[in-house]
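Structure assessment
Now for the letters of each chain:
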Amino acid sequence: MTLSAEINFDGLVGPTHNFAGLSHGNVASTKNRDASSHPKAAALQGLQKMKSLMDVGLMQGVLPPLERPHIPTLRALGFTGTDEHILSTVQKQAPHLLASVSSASSMWVANAATVSPAADTTDGRTHFTPANLSEMFHRSIEHPDTGRILKKIFSHPDYFAHHDALPPGSFFSDEGAANHTRLTPSAESPGVEIFTYGRSAFDLSTPRPARYPARQTREACEAVARNHGLSANRTLFVQQNPAVIDAGVFHNDVIAVGSANCLFFHQDAFLNSEEFIQKLKRCFTGNPLSLIEVSRKDVPVEDAVATYLFNTQLVQLPGTENDLQLIAPMECKNNSRVYDYLNHLLAQNTPIKTIHYKELRESMNNGGGPACLRLRVSLSEAERDSLQTRVLLDNALYEDLVAWVHKHYRDTLSPADLADPQLLQESREALDHLTDILKLGSVYPFQLS
């Protein structure tokens, strides 16, 4: 088996980063609705996080933001005329639509796709399925452009297989890697892929949340696993606890995170948790498995949601066997109960040896922490060498991207600014420049038309 290395591909925050409060069930998103945002600061915070991981020896990649405002969607909804006229009309007649097509939510690339590494698939290729994100209109329009970008970056047919997003609608609602994680005994071993769902679409007798939507269906999980050619012996499906969804845990990565052979999760994360843990242990028979369960006594669910304790990144530094580092938002340090728990955790005999706190206030205020900002892709050296684009971060690319942000991004953005035709022009100029920096070619609708 070819040795692979996990690369965190972080989403670049887009020029229209704003607080529209579009994500029902995401407490932070709705809490900060209509506040002014700071796109430049948000993008620079994300880039600094990427660089800090690169500086400690981790492979780091970047994924570009999507074109926003998305004029093609407005045209499909019956608005006509010049782009500028459409913006003006929508602002007057349907401002809620303008907010939806201007969302910079593609920055949270944990929702971009589900990725299965070559070691896990029957054809020995890495498989990608863009998430249809059917539960939220503002995100449901993402997958055509997301899929096009992923195909451009991971283009070699001998190494990569790309699938269409699942059929739209509630029955196969798919939220991507935010509800999927992979554990493995070692870098060269096949992994255990864990799909977490909120409800069964066809079996209405099964539990489901009452207050907020369960965005991922079991049927979607099973379809992705089939398309990726995963082994039934190394694929687990587990239901998220409906009670925590109603408490604001809109994705599983807000209540659990895993990496290497370690699963870090809250006591209330899963329905039928004991049954799931026993199945997971059987998948690791003969191999070490570390399970770190956080009790509700130590960290209540509301604190986990407020701080995104589990929307952290577990990363393994090169050359270390079992030692993991936790990349946490600064909110974890500012909450006394969570901070006390994490300090206690460091004193225990677990794989988590170090915790780094990062300032991601703009992303956090919009409902996304460190884990939301990255899509994990395990690639062999040959797969990495096949990439023809400039998406793997180094110091030169980091400096180019920082300069790009300073040149093109506004310091502050208010909800009213979304109708400004100049913002549309600024955003397109920024993305046109970005495709040159990343050597992507033409990938955006305005470039292709």
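Residues numbered from 1 in each chain as written. Predicted model: local features only at pLDDT ≥ 70, side-chain atom pairs only at ≥ 80, totals over all residues. Heavy atoms only, no water.

Focus: the overall build of the protein
Which entries qualify depends on this criterion: The helix and strand labels rest on DSSP assignments: H or I over at least four residues marks a helix, E over at least two residues marks a strand, and numbering proceeds from the N terminus. Just to be clear, the radius of gyration here is over C-alpha atoms, and the globule rule we use is 2.2 Å times residues to the power 0.38. Whether two residues are in contact is decided by their heavy atoms: any pair within 4.5 Å suffices. Methods summary: accessible areas were calculated by the Shrake-Rupley approach with a probe of 1.4 Å, and residue burial reflects only the protein chains presented. Neither His nor the chain termini are counted; the positive set is Lys and Arg, and the negative set is Asp and Glu. Every charge is mapped onto a representative atom, which is NZ of Lys, CZ of Arg, CG of Asp or CD of Glu.
Across its full length, the protein carries 18 helices and 15 strands. In terms of overall size, the protein behaves like a compact globule, its C-alpha atoms giving a radius of gyration of 21 Å where 449 residues would be expected to give roughly 22 Å. Dimensions of the protein along its principal axes, counting C-alpha atoms only, are 65 × 45 × 45 Å. Looking at the protein alone, contacts between residues at least 24 apart form 76% of all its contacts between residues at least 6 apart. In the form shown here, the protein has an accessible surface area of approximately 17100 Å², with 49% of it arising from carbon and sulfur atoms. Between the centroid of the 39 positive side chains of the protein and the centroid of its 49 negative side chains there is a distance of 2 Å.

Thoughts on the packing of helix α4 (residues 83-93) against helix α17 (residues 421-437)
We apply this condition: Axis definition: a line fit to C-alpha positions, over the contact stretch in the case of helices; interaxial angles, taken between N-to-C directions, run 0 to 180 degrees. When describing relative orientation, an angle under 35 degrees is termed roughly parallel and one over 145 degrees roughly antiparallel, while 65 to 115 degrees is termed roughly perpendicular and anything else oblique. Whether a crossing is left-handed or right-handed is set by the direction in which the near helix is turned from the far one by less than a right angle, anticlockwise for left-handed and clockwise for right-handed.
Contact geometry for α4 and α17: axes closest at 9 Å, N-to-C directions at 130 degrees. In terms of orientation, α4 and α17 fall into the oblique class. In this structure, α4 crosses over α17, and the sense of that crossing is right-handed. Of α17, the residues touching α4 (which contributes Asp83, Glu84 and Leu87) are Pro421, Leu424 and Arg428.

Digging into the sheet that holds strand β15 (residues 374-380)
Stated formally: Strand pairing is assigned whenever DSSP detects at least two bridges linking the two strands.
Here 3 strands make up an open sheet; going across it, the order is β2-β1-β15 and the pairing mixed. In this open sheet, the two edge strands, each paired with only one partner strand, are β2 (60-63) and β15. On average, each strand axis in the sheet is inclined to that of its neighbour by 35 degrees, with strand direction left out of account. Bridge analysis of strand β1 (residues 4-11) against β2 gives 4 bridges, and the strand direction is parallel. Residue pairing across strands places Gly11 opposite Leu63, the latter belonging to β2.

Let's talk about the pairing of strand β8 (residues 235-239)
Two faces, one strand: in a regular strand the side chains alternate between the faces of the sheet. Cut-off, in case you're wondering: Three exposure classes are used, based on accessible area relative to the maximum for each residue type with a 1.4 Å probe and protein chains only: buried under 20%, partly exposed in between, and exposed over 50%.
Most of β8 is tucked away: 4 of the 5 residues are buried. Note that strand β7 (residues 192-197) and β8 share 5 bridges and pair parallel. Opposite Glu193, over in β8, you have Thr235 as the bridge partner.

Thoughts on the pattern of salt bridges
The criterion, for reference: Think of a salt bridge as a Lys or Arg side-chain nitrogen and an Asp or Glu carboxyl oxygen that are within 4 Å of each other.
If you walk through the whole model with that rule in mind, you get 19 salt bridges. Its salt-bridge partner being Asp83, residue Arg75 comes within 2.9 Å of it at the nearest N-O pair. Residue Asp83 is classed as buried on the basis of its relative accessible area of 18%. Here the salt bridges share partners, and the residues they tie into one network are Glu67, Arg75, Asp83 and Arg428.

Some points on the sheet that holds strand β12 (residues 313-316)
Strand order in the open sheet formed by 3 strands is β12-β13-β14, and the pairing between neighbours is mixed. A single partner strand is all that each edge strand has here, and the edge strands are β12 and β14 (352-358). Within this sheet the neighbouring strands show an average axis-to-axis angle of 25 degrees, counted without direction. As paired strands, β12 and strand β13 (residues 324-329) are joined by 4 bridges and run antiparallel to one another. Counterpart to Gln313 in the pairing with β13 is Ile327.

Side note on the packing of helix α2 (residues 39-55) against helix α16 (residues 395-408)
When two helices pack together, their arrangement is given by the angle between their axes and by how far apart the axes lie. Note the cut-off: Put simply, Ala, Val, Leu, Ile, Met, Phe, Trp, Tyr, Cys and Pro go in the nonpolar bin, Asp, Glu, Lys and Arg in the charged bin, and everything else, Gly too, in the polar bin.
At their nearest, the axes of α2 and α16 sit 10 Å apart, and the two run at 175 degrees to each other. If you check the angle between α2 and α16, you find them roughly antiparallel. For the pair formed by α2 and α16, the contact residues are Lys40, Ala43, Leu44, Leu47, Gln48, Lys51, Met54 and Asp55 on the first element and Asn395, Tyr398, Leu401, Val402, Val405 and His406 on the second. Across the contact of α2 with α16, the residue classes break down as 8 nonpolar, 3 polar and 3 charged.

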